[in-house]
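Close look at the chain arrangement
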Amino acid sequence: MLDLQNVGVCFGVKSVLNGCTLSLAPHERIALMGPSGCGKTTLLRTALGLQDPDSGAVTNTFSRPAAVFQEDRLFPWLTAVENINLVLSGKAETISEARHWLERLELGDAGELYPCELSGGMRQRIAIARALCVRPDLLVLDEPLKQLDAALQARVSALISEACRECALLLATHSEEEAKALGCRIYLCRDGTFYPET
Amino acid sequence: MSPAAKKALAKTGAGLFWILLWALLAHLVGQKLLLPSPLLVVKTLLSLASGADFWLTLLNSLARILSGMLAGTLLGVVLAVLTHGSAVCRTIIAPFMSLVKSTPVASFIILALIWLGRGVVPLFITALMVMPVVWANVSEGLRAQDEKLLEVARVFHLPRRRVFFSLTLPTVLPYFRSALCSALGLGWKAGVAAEVLTVPQRSVGRMIYESKLYLETPELFAWTVTVIAVSFLIERLLLRLVSGLWRKGDDEHA
């Protein structure tokens, strides 16, 4: 269970989140939508414990969180397969599992390549594979498909939906289609907080 | 010709130029007491190297100074980790490092001579010269860790050991390598300088001092050439060792 109660986050004098209350139960899927800078990423970071709230309280009882950030955040000195294996065990015994996830993301040939040798879309898919391979109970996605073409977006959405059947999902996106493809309830941003779409 | 071969050729050419200039100057001066020729220095060096004493002296100095380098490096790394983790430690240690860096090495040698036995002074001085350089570079490396990758590690609950091998080590090693590049040459020279001033038994510094005392200029040059050659070799060997560590780190988290 993820529970945000009256959460407020300010950057200097700018208040980004203001009295934001949101709950995410196991297996629930929520998409946060709103204009750039409205606080979607800040809310995701607060939920993940990467941003301390200035007010309010965050309770997160999920034990296996995983995230896909806006940027790929791959380790530049590790190959694609090593980047995925890093979150599994970092040892040779899970390399085949890491390769399996690369293949599921249609990157079977890219395993030995370094992030600098891959396109933005390929790097983003590796980041998605890295998040899915840990079989998370909470999956946090920050605009995960924006670097992919339409056909790939559809296939990756389907894969995320299937792989994350048992987990809660918190998505930040500008695309209603993406939110619907992932089966999310949409929450819209208003005055520094998020309300369910009516 | 490959770029590497061209580079090697240019380096050899530059070296030959300086040796020829030295030979020319020695010929013009015409007094081996003031400036011995390169050939005479090589002959003296070969003659010195043919005796067991030369190697024993060299090994003795190497053991002493390498121990100092190791102590300085370890201390520099430990203090860098401490100051990275604690603002209080940073506040306390930073001024001490600035003091060590700005104090002339001769002052430390004289002080150490008063405080410690003459055999320990070169070790102490080498450690003192190496430590601030390693500390500064490793601290910078620790600060350079990518905050975004650290967040990935936090989100995925990566164990500390894995974070160390997959993030900290690859980030810090280039800084550590560059620290060794600057510190080792410095440490070796400071160690030999300390030996010259403290003249411990069976040491390169003592041989240099005695060469000067008895006006054995070719021997002075021969020992100096030895110091330069050893400094070059130590730097190469240790840097290769650190590069090996990098690869080992890579294998660890693969």
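Refer to the structure printed above.
Residues numbered from 1 in each chain as written. Chains lettered and ligands numbered in written order. Predicted model: local features only at pLDDT ≥ 70, side-chain atom pairs only at ≥ 80, totals over all residues. Heavy atoms only, no water.

**Things to note about the packing of aromatic side chains**
- In this structure the tally under the stated criterion is six aromatic pairs over all chains.
- Between the aromatic rings of Phe17 of chain B and Trp18 of chain B, the centroid separation amounts to 5.2 Å while the plane-to-plane angle is 75 degrees, which identifies the pairing as edge-to-face.
- Classification of Trp18 of chain B by relative accessible area gives exposed; the value is 56%.
- With centroids separated by 5.2 Å and ring planes inclined at 80 degrees, the aromatic side chains of Phe164 of chain B and Phe165 of chain B adopt a geometry described as edge-to-face.
- The partly exposed category is assigned to Phe164 of chain B, whose relative accessible area is 38%.
- Here the aromatic cluster, defined as three or more aromatic residues joined through ring pairs, consists of Phe54, Trp55 and Trp223 of chain B.
- A cation sits over an aromatic face here: Arg73 of chain A above Phe69 of chain A, 4.0 Å from the ring centre.
- Here Arg190 of chain A stacks its cationic end above the ring of Tyr195 of chain A, 4.4 Å away from the centre of that ring. (Phe/Tyr/Trp six-rings, centres within 6.5 Å; stacked < 30°, edge-to-face > 60°. Buried < 20%, exposed > 50% of the residue type's maximum accessible area, 1.4 Å probe, protein only. Lys NZ or Arg CZ within 6 Å of the ring centre and 35° of its normal.)

**A closer look at the interface of chain A and chain B**
- Across the boundary between the two partners, chain A contributes 28 residues, which contact 18 residues of chain B.
- Buried area between chain A and chain B, summed over both chains or domains, comes out near 2000 Å², and the portion from carbon and sulfur atoms is 65%.
- The interface formed by chain A and chain B includes three salt bridges.
- As a salt-bridge pair, Arg45 of chain A and Glu151 of chain B come within 2.6 Å of each other at their nearest N and O atoms. (Contact = heavy atoms within 4.5 Å. Buried area = accessible area lost by both parts, 1.4 Å probe. Salt bridge = Lys/Arg side-chain N within 4 Å of Asp/Glu carboxyl O.)

**With respect to the state of the cysteines**
Residue and element names in this part refer to chain A.
- Across all of its chains, the model carries one disulfide over all chains by this definition.
- Disulfide partner of Cys164: Cys167, at an S-S distance of 1.7 Å. Its torsion about the S-S bond being -55 degrees, the disulfide of Cys164 and Cys167 is classed as left-handed. Each member of the pair, Cys164 as well as Cys167, is classed as buried.
- Between Cys20, a cysteine without a disulfide, and Cys189, which holds the nearest cysteine sulfur, the sulfur-to-sulfur distance is 8.3 Å.
- Judged by its relative accessible area of 0%, Cys20 is buried.
- Cys184 takes part in no disulfide bond, and the closest cysteine sulfur to it belongs to Cys164, at a distance of 9.1 Å. (Disulfide = S-S within 2.5 Å.)

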